[in-house]
Amino acid sequence: MKVLILGSGVIGVTSAYYLARAGHEVTVVDRQPEPALETSFANAGEVSPGYSSPWAGPGVPVKAIKWLLMKHGPLVIRPKFDPVMWVWLAKMLRNCTSERYAVNKSRMIPIAEYSRDCLRDLRRDIGIQYDERSQGTLQLFRYQSQLDGTAEDIAVLKQYGVPYEVLSREGCIAAEPALAGVKEKFAGGLRLPQDETGDCHMFTQALAKHAQALGVRFMFNAGIDRIVTDGTRVSGVATSAGLLHADAYVLALGSWSSRLVAPLGISLPVYPVKGYSITVPIKDASGAPESTVMDESYKVAITRLGNRIRVGGTAEISGYSDKLYDARRATLDHSLTDLFPRGGDLSKATFWSGLRPMTPDGPPVIGATKYANLHLNTGHGTLGWTMSCGSGRVLADMLSGKKPDIDVSALTVDRYAHRFG
């Protein structure tokens with residue numbers, strides 16, 4: 001088939017690669033001049049299936065009040081007169097029960113684990129490089145009470161067969177030697193040895209070149225205006241480069257996906273939640289992290305990417321604003337300098353923000369719509385990098401008439417009533 005993919009972030013490019021590999025004629029259109037310049041550009045760098053959990057969980061409403069009052073709190077809400085924002089928040093709150101959390105997490109772990117395996121296969125098959133490391137993720141607890149409260153998380157890890165290690169202070173230092181200089185600042189940690197790290201932007205740009213070698217055509221600097229339908233099918237996509245036609249269409253526009261399909265009568269509960277990061281050149285390698293350290297108190301991830309440190313965090317609900325706030329950077333600066341004071345040169349840091357496409361319950365939306373030839377691959381939230389390869393592979397299988405390797409029936413648009421009701 002001729003397939004038109006809307007969006008050239010990591011989700012769009014992985015979809016393009018796997019579709020081309022399956023023999024389809026693929027075109028990718030994007031408003032940017034090259035791939036991965038928006039949400040995929042400078043995320044935290046984690047490929048973390050073990051931490052694939054919904055934000056909506058039991059106890060979150062109470063925790064949210066505490067986070068909003070913290071100086072370096074991980075949550076920011078900037079109220080707007082936007083009914084979509086408030087409806088999305090209400091739906092998220094409705095998912096903050098133990099029962100829904102368990103169901104939603106059960107829908108996230110399989111696609112995340114499968115995606116990591118697909119990423120490993122890609123490394124083996126095409127030798128792609130992206131400052132990757134396979135040295136696990138360390139969730140660092142500053143307080144003993146946090147360490148004592150990991151029982152529920154560990155039970156879920158056991159349920160899904162995810163390897164883990166509960167570490168003492170000394171165990172954390174063995175995994176991340178640079179923490180030895182600040183050992184009085186934490187009590188212990190939870191390590192997931194199979195998690196990985198890597199530069200999502202570097203990966204996406206490299207994979208786009210491999211996709212081009214398979215025949216994928218990229219149309220950059222082309223704004224996407226609207227989807228044109230003729231009743232039960234999509235007949236084209238209106239862009240600044242003209243009306244584009246294909247046999248099948250894939251929507252991979254992240255937070256903008258819901259706005260594009262709303263005029264078609266598709267209610268897609270995907271809303272932007274802004275995240276921030278700083279990228280810091282390493283000053284002293286012995287004082288930098290080896291992999292990813294998640295500062296649990298501030299919900300900040302500190303990741304080694306080659307000769308750089310990426311520090312990412314914050315959940316800011318403020319609509320589609322991409323404004324950079326100094327207070328958000330201060331939180332990232334604090335977490336880095338508090339745990340790795342010798343590691344990076346903050347004077348040379350770059351500051352960035354991206355809009356994560358979040359669903360109120362957590363799982364992404366992958367699959368067909370009521371329009372026979374329109375397919376969705378969006379709503380991955382903070383886990384777009386983690387879930388990208390698996391999502392692209394699954395979608396390519398669906399469009400090729402092949403049964404995916406994993407069951408994703410609970411992620412399709414047809415299940416909205418069950419997922420959000």
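Located above this text is the structure these notes cover.
Everything quoted here is computed from the prediction, not taken from an experiment.

(A) Here's a closer look at the packing of helix H1 (residues 10–21) against helix H4 (residues 98–126). The interhelical angle for the contact between H1 and H4, taken along N-to-C directions, is 60°, at an axis separation of 14 Å. On the basis of their axis angle, the class for H1 and H4 is oblique. Pair H1 / H4 crosses with left-handed handedness. Residues Tyr17, Tyr18 and Arg21 of H1 lie in contact with H4, whose contacting residues are Cys118, Leu122, Asp125 and Ile126. Looking at the contact of H1 with H4 residue by residue, the classes come out as five nonpolar, no polar and two charged.

(B) Highlighting a nonpolar patch on the surface. Judged by side-chain polarity, Ile65, Leu68 and Leu69 come together as a nonpolar surface patch covering roughly 340 Å² of accessible area. For leucine 68, the position within the fold is in helix H2 (residues 60–69). Its relative accessible area of 41% is what places leucine 68 among the partly exposed residues.

(C) Focus on the pairing of strand S20 (residues 374–378). With five of five residues buried, S20 is to be regarded as a mostly interior element. Taking the residues that link successive antiparallel strands as the turn, the strand S19 (residues 365–368)-S20 hairpin has five residues.

(D) Here's a closer look at the environment of glutamine 205. Relative to the elements of secondary structure, glutamine 205 occurs in helix H8 (residues 200–213). Distance in space between the C-alpha atoms of glutamine 205 and alanine 151 is 40 Å, their sequence separation being 54 residues. Those residues in contact with glutamine 205, other than ones at most four positions away along the chain, are Glu34 and Pro35.

(E) View of the sheet that holds strand S12 (residues 242–244). Reading across from one edge, S10-S11-S12 is the order of the three strands in this open sheet, with antiparallel pairing throughout. Single-partner strands in this sheet number two, and they are strand S10 (224–229) and S12. On average, each strand axis in the sheet is tilted by 25° relative to the strand beside it, whichever way the strands run. Of the pairings in the sheet, the one linking strand S11 (residues 234–239) to S12 comprises three bridges and is antiparallel in character. Within S12, the residue paired with valine 237 across the bridge is leucine 244.

(F) Quick peek at the sheet that holds strand S1 (residues 2–6). Ordered by their spatial adjacency, six strands build an open sheet running S9-S2-S1-S13-S20-S19, and the pairing between neighbours is mixed. Looking at which strands have only one partner, the edges of the open sheet turn out to be strand S9 (217–219) and S19. Neighbour-to-neighbour, the strand axes of this sheet turn through a mean angle of 20°, independent of strand direction. One ladder, built from four bridges, connects S1 with strand S13 (residues 248–251); its direction is parallel. Looking at S13, one finds that leucine 4 is bridged to tyrosine 249. Sheet strands touched by H1: S1, strand S2 (25–29), S9, S13 and S20. Its angle to S1, the strand with the most contacts, is close to 170°.

(G) Geometry of the pairing of strand S5 (residues 137–141). Judged by how many residues are buried, S5 sits mostly within the fold: five of five residues are covered. Residues of S5 alternate between two faces, with Thr137, Gln139 and Phe141 on one and Leu138 and Leu140 on the opposite face, all of them buried. Relative to strand S15 (residues 292–295), S5 runs parallel, the two being bridged by four bridges. Bridging from a neighbouring strand, threonine 137 pairs with threonine 292 of S15.

(H) View of the pattern of salt bridges. Enumeration over the complete set of coordinates arrives at 22 salt bridges. The residue lysine 274 makes a salt bridge to glutamate 316 at a minimum N-O spacing of 3.0 Å. Taken together, the positions of lysine 274 in strand S14 (residues 271–281) and glutamate 316 in strand S17 (residues 308–317) put the pair 42 residues apart, joining distant regions of the chain. As far as the burial class goes, lysine 274 and glutamate 316 line up, both buried.

(I) Representation of the packing of aromatic side chains within the structure. Scanning the entire structure with this criterion turns up nine aromatic pairs. Ring geometry for tyrosine 17 versus tyrosine 18: centroids 5.4 Å apart, planes at 80°, classification edge-to-face. With a centroid separation of 5.7 Å and an interplanar angle of 20°, the aromatic rings of tyrosine 276 and phenylalanine 351 are classed as stacked. Taken as a pair, tyrosine 276 in strand S14 and phenylalanine 351 in strand S18 (residues 350–358) lie far apart in primary sequence, 75 residues in all. In this structure tyrosine 276 comes out as buried when scored by relative accessible area, which is 2%. Here a set of aromatic residues connected by ring pairs shows up, and it is made of Trp88, Trp256, Tyr271 and Tyr320. The cationic tip of arginine 78 hangs over the ring face of tyrosine 325; the distance from NZ or CZ to the ring centre is 3.6 Å. Arginine 259 extends its terminal NZ or CZ atom over the ring of tyrosine 320, reaching a point 3.7 Å from the ring centre.

Analysis parameters
Residues numbered from 1 in each chain as written. Predicted model: local features only at pLDDT ≥ 70, side-chain atom pairs only at ≥ 80, totals over all residues. Heavy atoms only, no water. Axes fitted to C-alpha atoms, helices over the stretch in contact; angles between N-to-C directions. Helix = DSSP H or I, 4+ residues; strand = E, 2+ residues; numbered from the N terminus. Parallel < 35°, antiparallel > 145°, perpendicular 65-115°, else oblique. Left-handed = near helix turned anticlockwise from the far one by under 90°. Contact = heavy atoms within 4.5 Å. Nonpolar A, V, L, I, M, F, W, Y, C, P; charged D, E, K, R; others polar. Patch = residues over 30% accessible without salt bridge, like charges linked within 9 Å, V, L, I, M, F, W, Y side chains within 5 Å. Areas by Shrake-Rupley, 256 points an atom, 1.4 Å probe, with all protein chains shown as cover. Salt bridge = Lys/Arg side-chain N within 4 Å of Asp/Glu carboxyl O. Buried < 20%, exposed > 50% of the residue type's maximum accessible area, 1.4 Å probe, protein only. Pairing = 2+ DSSP bridges. Phe/Tyr/Trp six-rings, centres within 6.5 Å; stacked < 30°, edge-to-face > 60°. Lys NZ or Arg CZ within 6 Å of the ring centre and 35° of its normal.

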